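# A closer look at the structure
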Amino acid sequence: MTALQTIFRIHPIPADVLAEVRRCGRGDAGYPVEHLCAEGGEPLRCCLRNAVAGEALILFGYAPPIPASPYTEIGAVYAHAADCPGPLHTDRYPADWLGKPQALRAYDARGWIHPSTTTHDGTDPEAAIAEVLAAPGVVQVHGRNLAYGCFMFAVTRANL
């Protein structure tokens, strides 16, 4: 069992948020949802895996969950166009994203970016997450695409 499996929980975009986006056809910025057919490899924030070519997707604006602060932002994310069962696991790093560098943006209780924010090269993301989340004052970490800066998932301490 890894450190991530014992102390952390990885959170996709919540199912109720996705249901509302699908129902109303608008993302957090109020812009219409884009419907598209996956080319393959798009990172799905509903089930924390890469899309398979041909899957029906939506692309929409999403404000990751932090307290209202100057660091609140909205960015584009992919999800399945219809309900999906969500991730297979929330107690380990998403398998499709192993080996890919990402930013780990840490936040404090105010929703401000914490100085322990860093990047990892993809070889041991669970250790990198453990180090960031262990820093005093960090309450959550957001995994982000290194090239585009897009939100991938949130990480919090597990309720053991």
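Residues numbered from 1 in each chain as written. Predicted model: local features only at pLDDT ≥ 70, side-chain atom pairs only at ≥ 80, totals over all residues. Heavy atoms only, no water.

Val141, Phe153 and Val155 are the most contacted members of the largest nonpolar core, which totals 18 residues. Secondary structure elements with two or more residues in this core: β1 (8-11), β7 (102-107), α3 (125-133) and β10 (151-157). With five residues, α3 is the single largest residue contributor to this core. Once you skip the residues sitting within four places of it in the chain, Val141 turns out to touch Leu104, Arg105, Ala106, Val132, Leu133, Phe153, Ala154 and Val155. Counting 17 residues, the second-largest nonpolar core is a separate cluster that includes Ile13, Leu44, Cys47 and Val77. (Core = buried A, V, L, I, M, F, W, Y, C linked by side-chain atoms within 4.5 Å. Buried < 20%, exposed > 50% of the residue type's maximum accessible area, 1.4 Å probe, protein only. Helix = DSSP H or I, 4+ residues; strand = E, 2+ residues; numbered from the N terminus. Contact = heavy atoms within 4.5 Å.)

Turning our attention to the sheet that holds β1. If you walk across this open sheet you meet the five strands as β1-β10-β9-β7-β8, and the pairing is antiparallel. Edge positions in the sheet fall to β1 and β8 (118-120), since each of these pairs with one other strand and no more. For this sheet the average axis-to-axis angle between neighbouring strands, irrespective of direction, equals 25°. Where β7 and strand β9 (residues 140-145) come together, six bridges link them in antiparallel fashion. Within the sheet, the bridge partner assigned to Gln102 lies in β9 and is Asn145. (Pairing = 2+ DSSP bridges. Axes fitted to C-alpha atoms, helices over the stretch in contact; angles between N-to-C directions.)

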